[in-house]
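In case you want the letters, here they are:
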Amino acid sequence: MIAILLPLSVTAMYWLLGDPEAIHRTARQQAETPAVEGGNDKLASVAEMAEVLSARLKQQPDNPQGWIMLEKSYKYLKQYQQAAEAFRKANVLQGQEPDVMLLYADTLVMAHEGRFTEEARQLIFKALEYAPNDITGLWLAGLAMAEQGQFNDALRYLQQVEALLPPDSE
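The shown structure was predicted, so the numbers you read here are calculated from the model rather than taken from an experiment.

Trainee: Describe the overall build of the protein, with residues and values.
Mentor: Of regular secondary structure, the protein possesses nine helices and zero strands. Entry remark: accessible area of the protein is about 11500 Å², with carbon and sulfur atoms responsible for 57%.

Laid out in structure tokens, this is it:
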């Protein structure tokens, strides 16, 4: 009697309280995500995607969104020089788009081991002409000024960032 009732009661409780779809949902998620975050399989798939996208962009170079996707792939792979080159092409195609200019400047800084190049500085301040209250632009301008030892200017930019952030933000 116990051998029959125990499995039946456990099964009934699982169907009432458990999540029978959990197994199927987990299997679908694993199929959609090739590897855990940061795993070698995911790096390999991003590298493959970047290679395919790069080849496609050689055939169709007038695609700014494609160049931005390629840049993000290279950035994920920590190939900052290639990322900067992809963003340079996107920036040329997009014209004076502040978001692209700032992402390009940030990538240039990463490509130069955290140092602001003259090109990065020009991009930051040009972007701020078009979008003077852009938090990323103000933040990068503050860091660029601090790197040059212009701490009063750096503080001014960073105070502008602080004024734009919600009061309870970190």
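Trainee: Give me the lowdown on helix α8 (residues 135–147), citing residues and values where you can.
Mentor: With 13 residues, α8 should cover 18 Å at 1.5 Å per step; its first-to-last C-alpha distance of 18 Å lies within 8% of that length. What α8 keeps buried is the set Gly137, Leu138, Leu140, Ala141, Gly142, Ala144 and Met145. Those residues of α8 that are buried lie in contact with α6 (98–111), α7 (118–130) and α9 (151–164). Capping the start of α8 is the job of one residue whose side-chain oxygen sits 2.9 Å from the backbone nitrogen of Thr136: Asp134.

Trainee: I'd like a description of the packing of aromatic side chains, backed by residues and values.
Mentor: Enumeration over the complete set of coordinates arrives at one aromatic pair. Judged by centre distance (5.9 Å) and plane angle (55°), the ring pair of Phe125 and Tyr157 falls under tilted. Highlighted residues: Phe125 in helix α7 and Tyr157 in helix α9, separated in sequence by 32 residues.

Trainee: So what's going on with the packing of helix α4 (residues 64–76) against helix α5 (residues 80–94)? Residues and values would help.
Mentor: Remark: α4 packs on α5, axes separated minimally by 8 Å, with the N-to-C direction vectors making an angle of 160°. The angle between α4 and α5 places the two elements in the roughly antiparallel class. In this structure, α4 meets α5 at a crossing whose hand is left-handed. Contact with α4, carried on its side by Pro64, Gln65, Trp67, Ile68, Leu70, Glu71, Tyr74 and Lys75, involves Tyr80, Gln82, Ala83, Ala86, Phe87, Lys89, Ala90, Leu93 and Gln94 of α5 and no other residues of that element. Along the lines of polarity and charge, the residues of the contact of α4 with α5 split into 11 nonpolar, three polar and three charged.

Trainee: Please give an account of the environment of Ala141 that cites residues and values.
Mentor: Residue position: Ala141 is located in helix α8. You can call Ala141 buried: its relative accessible area is 0%. Each C-alpha atom of the pair Ala141 and Asp153 lies 8.8 Å from the other, and the pair is 12 residues apart in sequence. Aside from chain neighbours lying at most four places away, what touches Ala141 is Ile124, Phe125, Leu128 and Tyr157.

Trainee: How would you explain the pattern of salt bridges if you had to name every residue and give the values?
Mentor: If you walk through the whole model with that rule in mind, you get five salt bridges. A salt bridge links Glu85 to Lys89, with the shortest nitrogen-to-oxygen separation between them at 4.0 Å. Residue Glu85 and its partner Lys89 are located together in helix α5, separated by four residues, close to a single helical turn. Residue class for Glu85 comes out partly exposed when judged on its relative accessible area of 35%. When its relative accessible area of 29% is taken as the criterion, Lys89 is described as partly exposed. In this structure, Arg156 and Asp153 form a salt bridge, with 3.6 Å as the shortest nitrogen-oxygen distance. Here Arg156 and its partner Asp153 are both found in helix α9, three residues apart, which amounts to about one turn of the helix.

Rules used in this analysis
For every chain, the first residue of its written sequence is number 1, and the numbers climb from 1 along that sequence. pLDDT decides what is reported in this predicted model: residues at 70 or higher carry local features, side-chain atom pairs at 80 or more are listed and counted, and totals for whole chains, interfaces and linings draw on all residues regardless. Calculated side-chain values reflect all of the structure's heavy atoms, with hydrogen atoms and water omitted. Per the convention used, a helix needs a DSSP run of H or I reaching at least four residues, while a strand needs a run of E reaching at least two, with both numbered from the N terminus. Surface accessibility in these figures is a Shrake-Rupley result with a 1.4 Å probe; residues are shielded only by whichever protein chains are displayed. A helix is expected to span 1.5 Å for every residue after the first. Buried residues are those whose accessible area, probed at 1.4 Å on protein chains only, stays under 20% of the maximum for their type, while exposed residues exceed 50% and partly exposed ones sit between those limits. By the convention used here, residues are in contact when the closest approach between their heavy atoms is within 4.5 Å. Between N or O atoms, a polar contact is any pair within 3.5 Å; within protein, one atom must be a potential hydrogen donor and the other a potential acceptor, and residues adjacent in sequence are included only when both atoms are from side chains. Only the six-membered ring of Trp is used, alongside the rings of Phe and Tyr, when aromatic pairs are assigned; centres must lie within 6.5 Å, and planes under 30 degrees apart are stacked while those over 60 apart are edge-to-face, with the rest tilted. Axis definition: a line fitted to C-alpha atoms, limited for helices to the stretch in contact. Angles are taken between N-to-C directions and run from 0 to 180 degrees. Roughly parallel refers to an angle under 35 degrees, roughly antiparallel to one over 145, roughly perpendicular to one between 65 and 115, and oblique to any angle outside these ranges. Should the near helix be turned anticlockwise from the far one by less than a right angle, the crossing is left-handed, and should it be turned clockwise, the crossing is right-handed. Each residue is assigned to one class: nonpolar for Ala, Val, Leu, Ile, Met, Phe, Trp, Tyr, Cys and Pro, charged for Asp, Glu, Lys and Arg, and polar for all the others, Gly among them. The salt bridge criterion pairs a side-chain nitrogen of Lys or Arg with a carboxyl oxygen of Asp or Glu, the two atoms within 4 Å.

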